[in-house]
Structure formats: structure tokens, C-alpha cells
Amino acid sequence: MSTQPGAQTPTPPGAASGTGSASTATPVLDIADFSVAYRTAGGDVHAVDHVNLALHPGEVIGLAGESGSGKSTLAYGACRLLRPPAVIRGGSVRYQGRRFPRPVEVLEQDPEGLRALRWREIAIVFQSAMNALNPVLNVRTQLLDVIEEHLRLSKEEAVERVNSLIDLVSIPRSRLKSYPHELSGGMRQRVMIAMALATDPEIVIMDEPTTALDVVVQRDILAQIVELKKQLGFAILFITHDLSLLLELADRVAVMYAGRLVEVGTARQIHHESAHPYTKGLLNSFPSLRGPRRELAGIPGSPPDLRNLPPGCPFLARCAYGTEACREIDMDLAPVASASDPRHVTACPFVLPETPLPAGGVGRRDAVAAGAPAREERRDPAAGIPIAGLAAPGTAGPVGTTGPLPVGPKANGVHPAPGVGPLGVPHDVATDQGAEQ
Ligand SMILES: Nc1ncnc2c1ncn2[C@@H]1O[C@H](COP(=O)(O)OP(=O)(O)OP(=O)(O)O)[C@@H](O)[C@H]1O
Ligand code: SF4
Ligand SMILES: [Mg+2]
């Protein structure tokens, strides 16, 4: 792994997006050469390493990757929400929006400047709604709190806004007096979404907003997010383990591995022309709705220890395509050599979309023995407990195991047509296994 500044090539201006406007507009959030580490007694954990990502107005970027790959650290670090032992080691995060026509450098803002950006401009739906909501305040008070803190409205206007927000996320107004523990998981998540939208932000970061929910509620909420985005026009950075979900939801997908982005492309490119072996492995971890039945290969082994990254490609220990030359690469994101769209970029210079899959999949069967430690073995030596962010064994498996969305039952009262995903987007990722969850 290179530690040179600028090691990953910045996303080209007007980076690819499924939306026409997004491909030409100036980014609302431009993350450049951004690095974050956690200082621990056992050494620095390089959770985000020289990442470049540009989010455009109204665009949905999906950020996918295994547990511990640095997704939350990237998102929270970019908003300066991390506490020690996290340190931002370098880079730039520039925000520009309707209310901020000139770009502002988030990393240089004082507390007052950050207050103006957070929530009003960039809102976050956190990974766990139960932990993010205040347990001793009812829903109305929590929504009013946000509105009074960030908007200059009269009491009557604030109450009116609370009512319209709760309507927006389809919760009966009678539940405004409920406390978080009195709500279902789906309702709590909807309250979080209402809170995020309270100030009409330009960007909503959604960190696994539906992972803890059953797939029917999950699908309902996702359909609602899509609808709200259509109405209100905010951009979304959507973080999830579930690549299959992003293929439906996102304009572009960024795949993260060991603190680095390894491939970025439109959802279609990632789905049908994936170039990086890790992306191919993720795609091979869930079944296809159409096409022949095939064995799901998965990716044996686990990501490397972020305190002690090997030189070159961090995926080498698990990659069936790997050779000695992979120890020399610098992890620059570069256009996929055979792709017509230069905005489809990959960190692997050796494998192309058309490169045949090795027998048995892209992962090495001997990956664990080859040096990729099993997840439960990786512990913070200082604390003697598993490093934060790593899933406890058996709780959150590798990408895809949260289960893709089902096609069968209706979402928001509408039955999708066969071959059409729950969000109404045609797809061919599998779906029925998720219904069993
Ligand atoms: N406070 C901390 N101290 C030390 N290491 C940490 C700390 N918080 C996170 N990490 C490490 O940083 C890396 C990235 O963690 P992060 O939570 O960003 O991953 P993630 O991709 O969001 O994972 P998940 O999908 O499980 O939420 C992980 O290796 C994690 O162990
Ligand atoms: S072929 Fe080499 S560079 Fe490409 S992903 Fe595999 S190990 Fe990394
Ligand atoms: Mg996370």
C-alpha cells in the first residue's frame, strides 16, 4: 500500500452518474486524498487511506464493502464527527451547495462553521437508530429540537414542520408523543430519516439505515427514501454491506476494501462489467435471479490488519488472480483498460471485466492460511477486545449476507413486476433468500 499523497487518482470531474445533471454539475461533496487513522497502542489503524470520492447534487452513491473496510470512518471523518483516537491524517473535504455557492473546506472549519454545515447541509442517518435517538425524549421533542437548533422558525411554524415531517415518513401523528422504545425498529428508522430531512439538507449520509430491519420493512423504507429523494432532490451517500441493494438504489457504486476504494463505476458497470476481483467476488457472493444456477463462491479469508498493511494490493492474500507483481502496485484508481467510459475506475491493473473467473471463484481457498486472518482473531491488543467496527462473529457477515431484497411481496402497496426490483428498477440480482430473514 502506497502512503504517498495522492496515491489514488481523484475521481474525474463530472464523474459518472446515472443522473444527467450529476454528470456535469460541481460536486456537493468533494473528498480528495482523504486519510483517517485510529491511534492505538498497537499502532495506527489506517481505516481510510487516500480516498477520493465526489458526490454530485441529487446523486446516490452507494458505498459497499465488508465490515471494517472503513465505510463509516470515511463518512463520519468527512463530517468531522470522529473523536480521538481517530485522527485525520490528510486530504481535503470540500462542500458546496445552494446555500454555500462557494466551496468550503470542511477540514478547516471552526466549531461554529461545522455547526452551520452539520445537519443543515449534511445530515446523517446513523447506523443504529436505537442508539442515535435520545431514549428519554419523545419523538416530537427530538424533532423540535433539531428544527429549533438549526432553523429560524416561530413555534407554530416549527410545530407545523414537525407534523409535515412525520407525515412525510408515513408515521401517524399520534406517535409523536411516543418514546423511542415504544416504536418498532422500522418506525425508529423513519424517525431518524425525518430528523435528517428536517432542515432540507443537500446531502443525506445513510449508514446502514435498514440493516437491522426485516426485509419487508427494509424494502418499504428504501422505497420511501427513493420517493423522498425524488421530491426533495438531496444527494445520498448510502453505506451498506449489501451490494445487491446498491445495484438497484445507487447511481454510482464505490467499493471499499481495507480503507481504500478499489472500484468506482455506475451501478450498471459494477453489476455487468465489474473489473476488480474483490467486486467480482462480492457479486459472486449472492445468487442471480436470471441466468443459470451457479455455486456461490464467496471470498474466503478476511481483510488484512489495518495496522500492518502488506505492500502493494491489500487483497493479494485472498485473490486467486494474484501474482508477485501485485506486491508492487500503488493502488491508484485508473480507468478500466477495456472500458469505453473512463469514469469506470479500478485499483487492479491486471484484471479486466472480460477476464475469465478462475475455477472456484476469485477468492483463494487457502486465503486464511495465506495470511488473511480470520475476523475473530483480530483483536485490539491494547484493549484486549475486538477492534471496534468489526462484527462479532456471526452477527454481520461478509457483503451480501444481509440478504438482498425480495421481489415477491409488495412495497408500499405496489407489487413489483417479475424481474423488477423492489424499488421498481429492473434487475437480475437474486431476491428470494432475503425473504426468509
Ligand atoms: N475507536 C477505534 N479504535 C481503533 N480502531 C477502530 C476504531 N473504530 C474503528 N476502528 C477500525 O477502523 C476500521 C474501519 O472501521 P469502520 O467502522 O469505519 O468500518 P465499516 O466499514 O463501517 O464497518 P461496518 O460495516 O462493520 O460498520 C476497522 O478496522 C475498525 O476496527
Ligand atoms: S490481481 Fe493482484 S492487484 Fe488485482 S486485485 Fe488481485 S491481488 Fe490485487
Ligand atoms: Mg460502519
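Scroll up to find the structure.
Read on for an overview of the structure. Quick caveat: nothing in here was measured; it's all calculated off a predicted structure.

**Some thoughts on the overall build of the protein**
Of regular secondary structure, the protein possesses 11 helices and 14 strands. For the protein, restricting intrachain contacts to residue pairs at least 6 apart in sequence, the fraction spanning at least 24 positions comes to 72%.

**Structural notes on unusual backbone geometry**
Cis rather than trans, the peptide bond between Pro84 and Pro85 has omega equal to 15°. Take Pro85: it is sitting in the loop between helix 2 (71–78) and strand 4 (86–97). Of note, His50 is a non-glycine position whose phi angle comes to about 55°, a positive value. Judged by the 28 C-beta atoms lying within 10 Å of it, His50 is buried. Although it is not a glycine, Trp119 sits at a positive phi angle of roughly 75°. As for its placement among the helices and strands, Trp119 is situated in the loop between helix 3 (111–117) and strand 6 (122–125).

**With respect to the sheet that holds strand 12 (residues 345–346)**
Ordered in space as 6-7-8-3-9-10-12-11, the 8 strands form an open sheet in which the pairing is mixed. A strand with exactly one partner marks an edge of an open sheet, and here the two such strands are strand 6 and strand 11 (334–335).

**Focus: the packing of helix 5 (residues 139–150) against helix 6 (residues 155–168)**
Two elements in contact, helix 5 and helix 6, have axes whose closest approach is 10 Å; the angle formed by their N-to-C orientations is 120°. Classified by the interaxial angle, the pair formed by helix 5 and helix 6 is oblique. Both helix 5 and helix 6 take part in a crossing whose hand is right-handed. In this structure, helix 5 contributes Arg140, Leu143, Leu144, Ile147 and Glu148 to the contact, and helix 6 contributes Ala158, Arg161, Val162 and Leu165. Grouping the amino acids of the contact of helix 5 with helix 6 by side-chain chemistry returns 6 nonpolar, no polar and 3 charged.

**Observations regarding the nonpolar core**
Residues Leu143, Ala194, Ile203, Leu237, Phe238, Leu246 and Val255 are the most contacted members of the largest nonpolar core, which totals 103 residues. Among the elements that line this core, the one with the most residues is helix 7 (residues 185–197), at 8 residues.

**Here we look at helix 6**
In a regular helix each residue adds 1.5 Å, so 14 residues correspond to 20 Å; helix 6 covers 20 Å between its end C-alpha atoms and thus fits that length. Every buried residue of helix 6 is accounted for by Val162, Leu165 and Ile166. Along the axis of helix 6, the buried residues cluster in a sector spanning 95°; they form a single face. Of the residues in helix 6, the exposed ones pointing more than 90 degrees away from the buried face are Glu156, Glu157, Ser164 and Asp167. Here the buried face of helix 6 lies against helix 5 and helix 7. Where helix 6 ends, the next residue or the one after it, Ser170, has phi of about 60°, a positive value.

Procedures and definitions
- Residues numbered from 1 in each chain as written.
- Chains lettered and ligands numbered in written order.
- Predicted model: local features only at pLDDT ≥ 70, side-chain atom pairs only at ≥ 80, totals over all residues.
- Helix = DSSP H or I, 4+ residues; strand = E, 2+ residues; numbered from the N terminus.
- Contact = placed C-beta atoms within 7 Å.
- Buried ≥ 20, exposed ≤ 12 C-beta atoms within 10 Å, placed from the backbone.
- Pairing = 2+ DSSP bridges.
- Axes fitted to C-alpha atoms, helices over the stretch in contact; angles between N-to-C directions.
- Parallel < 35°, antiparallel > 145°, perpendicular 65-115°, else oblique.
- Left-handed = near helix turned anticlockwise from the far one by under 90°.
- Nonpolar A, V, L, I, M, F, W, Y, C, P; charged D, E, K, R; others polar.
- Core = buried A, V, L, I, M, F, W, Y, C linked by C-beta atoms within 7 Å.
- Expected span 1.5 Å × (residues − 1).
- Arc of directions from axis to C-beta.

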